[in-house]
Amino acid sequence: MSKTQEIFNPQKKVLHHLGTVLEYLEGKNTDPINLEIDPSNACNHSCPFCISGHIHLSKFKGTEFFNRQMMHKDVLMSLVKDLSKTQVKSVSWTGGGEPTMNPHLKSAIKYLKENSNIDMGMFSNGSMFERFDLFETLVDSLSWIRISMDAGKAKSYDDLRVTSKGNNFEVVLNNIKKLIKIKKERNSKITIGVGFVVSQDNFKEVLDFANLFKDIDVDYCQYKPEIIQIERNASHDKKQQISPEFWANKVLDLLDQASKILGNKFQCNSYKVQDLIIDKKKTYGREYKQCIGSQLQPCIGADGEVYVCTNHRGHKDRSYGSLYKKSFSEIWADVNKRGCVMKQIENKEKFSMCSQLCKPHESNKMLWKIKQNLHNKKIIEDLKSQSENNKETITHKNFI
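Residues numbered from 1 in each chain as written. Predicted model: local features only at pLDDT ≥ 70, side-chain atom pairs only at ≥ 80, totals over all residues. Heavy atoms only, no water.

Here we look at helix 8 (residues 169-185)
Because an α-helix packs 3.6 residues into every turn, residues spaced three or four apart end up facing the same way.
Here comes step 1: Here helix 8 is 17 residues long and its end C-alpha atoms lie 24 Å apart, about the 24 Å a rise of 1.5 Å per residue gives.
Here comes step 2: Buried residues of helix 8: Phe169, Val172, Leu173, Asn175, Ile176, Leu179, Ile180, Ile182 and Lys183, and no others.
Here comes step 3: At its buried positions, helix 8 is contacted by helix 6 (135-141), strand 4 (144-148), helix 7 (154-161), strand 5 (191-198) and helix 9 (206-213).
Here comes step 4: Looking one or two residues beyond helix 8, the residue adopting positive phi is Asn187, at roughly 50°. (Helix = DSSP H or I, 4+ residues; strand = E, 2+ residues; numbered from the N terminus. Expected span 1.5 Å × (residues − 1). Buried < 20%, exposed > 50% of the residue type's maximum accessible area, 1.4 Å probe, protein only. Contact = heavy atoms within 4.5 Å.)

Some words on the packing of aromatic side chains
Here comes step 1: Applying the stated criterion across every chain, the model contains 15 aromatic pairs.
Here comes step 2: Ring centres of Phe203 and Phe246 lie 5.2 Å apart, and the angle between their planes is 85°; on these two criteria the pair is classed as edge-to-face. Of this pair, Phe203 sits in the loop between strand 5 and helix 9 while Phe246 sits in helix 10 (residues 244-262), and the two are 43 residues apart along the sequence.
Here comes step 3: Taken together, the ring pairs connect Phe196, Phe209, Phe213, Tyr223 and Phe266 into an aromatic cluster. (Phe/Tyr/Trp six-rings, centres within 6.5 Å; stacked < 30°, edge-to-face > 60°.)

Structural notes on the sheet that holds strand 7 (residues 266-268)
Here comes step 1: Overall, mixed pairing links the 10 strands, which are arranged 7-6-5-4-3-2-1-8-9-10 in an open sheet. With partners counted over all chains shown, the strands left at the sheet margins are strand 7 and strand 10 (319-322), one partner each.
Here comes step 2: Pairing analysis gives 6 bridges linking strand 5 to strand 6 (residues 220-225), with the strands arranged parallel. In the sheet register, Phe196 faces strand 6, and the bridge partner there is Tyr223. (Pairing = 2+ DSSP bridges.)

Description of the layout of surface pockets
Here comes step 1: As a volume, the largest pocket reaches approximately 400 Å³.
Here comes step 2: Lining the largest pocket are 18 residues, with Tyr24, Gln290, Gln295, Gly339 and Met342 sitting closest to its centre.
Here comes step 3: Put simply, the parts of the chain that give the lining of the largest pocket at least two residues each are helix 2 (18-25) and helix 13 (335-348).
Here comes step 4: The element best represented in the lining of the largest pocket is helix 13, accounting for 8 residues.
Here comes step 5: For the lining of the largest pocket, the residue count by class is 6 nonpolar, 7 polar and 5 charged. (1 Å grid on protein atoms, 1.4 Å probe; cavity = no way out; pocket = protein on both sides within 12 Å on 5 of 7 lines; lining within 4 Å. Points joined across faces, edges and corners; volume = space filled by probe spheres on them. Nonpolar A, V, L, I, M, F, W, Y, C, P; charged D, E, K, R; others polar.)

Some details on the environment of Ile380
Here comes step 1: When you line up the elements, Ile380 lands in helix 15 (residues 377-390).
Here comes step 2: Put simply, Ile380 and Leu18 are 362 residues apart on the chain and 9.3 Å apart in space, counted from C-alpha to C-alpha.
Here comes step 3: Excluding residues that lie within four positions of it along the chain, Ile380 makes contacts with Leu18, Leu22, Ile370, Asn373 and Leu374.

This is the structure we're talking about:
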């Protein structure tokens, strides 16, 4: 992958879809660009930094959010059949929990591949591919897959993620190598990446991770900072993140060294790191007044609820409706319901119940700029020009 190609640049990807954005801002009920779908709330790992930990980690058992259910086969298949008739550009299979734990996921992926032009990607821990015979389906159907590693050594990986013999470091590493092998055999264009969420628990293995994958044929190695979800922050300030000093003094130099080791494989969500370090107003870059990004990239939970975004999984008051009662298309068409939910978040709460640096955060920066300048022809024309110039510099354009 060329160093000039950017996988992780939400603002440029928003500009790539400027036409759709303008239609939405002018009042049209556009279909989402990207839809995140959770086939499962259950997970066979227990990562302490998981943004959906409040849904499946044992320590949250008994709370209002704890829910390890799988999406029912009938609901899942009805959903993909419905989506095949929409203008949704892409689907990210994610969680919730571990998406590949749902035994019906393979059928859903195959249906969308055979009956639509929707791009598909997946976030996975990579431990379950063998159980449901997923290797070839993934390689043949997905545009990309990113496998979470978050460590560079077997012991720390297994300790951090609380694994067992059937889903440990060795199993996952072998699955990654097998996926690469099948990709080559089938001449597939799938992008295979591995991820490392940098936290205070694992930052010392940033370079071990780089050295582990420098000679394995993954397409990229992504580093991103841990973002503390509001549901699991026990501090007085529910939005408090890890201190700027940690990122500036302990992490940045390691990332620079990792970049030199990995070369073109190195990818980093640097915009999140910058927001964590440059935090003069304690807003982490949240200067926008509306979460427009959520209307372009909502989330469907394993419980069948259509949520505002991935960060609001489990919050029923952040749901537009349930797939157990209506189809996605029917739910999305109810602009009044969606408007009521968003007014609560934006006007009444003013994001006070939202985690900082959330999923739509970076795209919201550009979307707010577009909205603020909607009637400024010169600025809009300049943005259109930028959109054209960006076409060759970003990849996976439909995944904001």
